[in-house]
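Commentary on secondary and tertiary structure
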Amino acid sequence: MQRLPARLCSKIVRPACDVFINHRGIDTKRNVAGLLYDGLTRMGVRSFLDSMNMKPGDRLFEHIDRAILGCKVGVAVFSPRYCDSYFCLHELALLMDSNKRVVPIFYDVKPSQLMVKDNGTRSPKELQRFSLALEEAKNTVGLTFDSLNGDWSELLRNASDAVIMNLLEVEEERKHAKKQR
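Residues numbered from 1 in each chain as written. Predicted model: local features only at pLDDT ≥ 70, side-chain atom pairs only at ≥ 80, totals over all residues. Heavy atoms only, no water.

Following the sequence through the fold, G25 ends up in helix α2 (residues 25-28). The exposure class assigned to G25 is partly exposed, which follows from its relative accessible area of 25%. Through-space distance from the C-alpha of G25 to that of Y82 is 8.8 Å; in sequence the pair is 57 residues apart. (Helix = DSSP H or I, 4+ residues; strand = E, 2+ residues; numbered from the N terminus. Buried < 20%, exposed > 50% of the residue type's maximum accessible area, 1.4 Å probe, protein only.)

A few words now on the sheet that holds strand β4 (residues 101-107). Picture the strands of a sheet paired through backbone hydrogen bonds; they go either parallel or antiparallel. Judged by pairing direction, the sheet is parallel, and its 5 strands sit side by side in the order β2-β1-β3-β4-β5 without closing on themselves. Two strands in the sheet have a free side with no partner beyond their single neighbour: β2 (47-48) and β5 (143-145). Bridge count between strand β1 (residues 19-23) and β2: 2 bridges; the pairing is parallel. Directly across from V19, in β2, lies its bridge partner S47. On the sheet, helix α3 (residues 32-42) packs against β1, β2, β3 (73-78) and β4 and is oriented at approximately 170 degrees with respect to β1. Contacts from helix α8 (residues 152-180) reach β1, β3, β4 and β5, with the element oriented near 170 degrees to β4. (Pairing = 2+ DSSP bridges. Contact = heavy atoms within 4.5 Å. Axes fitted to C-alpha atoms, helices over the stretch in contact; angles between N-to-C directions.)

Counting residues in hydrophobic clusters, the biggest one holds 28 residues, and the most contacted among them are F20, F78, Y82, L92, L114 and L134. Elements with a contribution of two residues or more to this core: α5 (60-70), β3, α6 (86-97), β4 and α7 (124-138). By residue number, the principal contributor to this core is α6, which donates 7 residues. Those residues in contact with L134 that sit more than four places away from it in its chain are F78, C83, L92, L114, M115 and V116. (Core = buried A, V, L, I, M, F, W, Y, C linked by side-chain atoms within 4.5 Å.)

Counting across every chain of the model gives 0 disulfides. Between C88, a free cysteine, and C83, which holds the nearest cysteine sulfur, the sulfur-to-sulfur gap is 8.3 Å. Assessed through its relative accessible area of 2%, C88 is described here as buried. (Disulfide = S-S within 2.5 Å.)

Turning to the environment of E171, a few remarks are in order. Turning to its location among the elements, E171 is positioned in helix α8. On the basis of relative accessible area, E171 is assigned to the partly exposed category, the value being 27%. Along the primary structure E171 and K72 are separated by 99 residues, whereas in three dimensions their C-alpha atoms are 8.5 Å apart. There is a polar contact of 2.8 Å between the side chain of E171 and the side chain of K72. (Polar contact = N/O pair within 3.5 Å; in protein donor to acceptor, adjacent residues only side chain to side chain.)

Going through the model one piece at a time under the given rule, you end up with 1 cavity of 30 Å³ or more. Computed from the structure, the largest cavity encloses a volume of approximately 30 Å³. Examining the composition of the lining of the largest cavity, we find that 3 residues originate from one element, β1, more than from any other. (1 Å grid on protein atoms, 1.4 Å probe; cavity = no way out; pocket = protein on both sides within 12 Å on 5 of 7 lines; lining within 4 Å. Points joined across faces, edges and corners; volume = space filled by probe spheres on them.)

Now for the pairing of β3. Counting buried residues along β3, 6 of its 6 residues qualify, which places the element largely inside the surrounding structure. In the sheet, β3 pairs with β4 via 6 bridges, with the strands oriented parallel. Across the sheet, G74 pairs through a bridge with V102, a residue of β4.

The next thing to look at is the side chain of S85. By secondary structure assignment, the location of S85 is in the loop between β3 and α6. Classification of S85 by relative accessible area gives buried; the value is 6%. At 3.3 Å, the side chain of S85 and the backbone nitrogen of F87 are in polar contact. Those residues within four positions of S85 in sequence are excluded, and the remaining contacts are R24 and R122.

Turning next to the packing of aromatic side chains. Applying the stated criterion across every chain yields a total of 8 aromatic pairs. Pairing Y86 with F87 gives two aromatic rings, centres 6.1 Å apart and planes at 80 degrees, and the pair type is edge-to-face. Judged by relative accessible area, which is 28%, Y86 ranks as partly exposed. What makes F87 partly exposed here is its relative accessible area of 35%. Ring-pair connections join several aromatic residues into one group, and the members of that group are F78, Y82 and F106. (Phe/Tyr/Trp six-rings, centres within 6.5 Å; stacked < 30°, edge-to-face > 60°.)

If you want it as structure tokens, here you go:
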């Protein structure tokens, strides 16, 4: 039997991404989320941003859920209209439910301003799941940014550093867990 090149094998076993960027596209895709994706990608970090990693024909939930479950770290970019999006809340809840490390970025919004709204389209169970995930994220140390007065370079440097530090810690935890077995 012919052996597969090691490079090809590593692509099979590695998750699709190291970092999943959860964001409200209309608010952040062309600024903080897109810039963070570009910066992390240039650093060699495999990142997932829906507009960059999906193509026409991909099944939305299937593709995104697989990326979330396979990632090591999540970045949640909270913005003024974040909680209006079912997809944002679904992604956040899945990140939290699967015990991923999440780096919150509060972009033009304070944590106290973020609330899950009952617009009549979500079940009580879903509302509770989304609310719990949002509260957990709001109680996680994150970065805040005011787009009118903030320093974009500093935000991107701090966000990239936070992601890298969390990735390194996750790797250390995995190595330690393997040694314990």
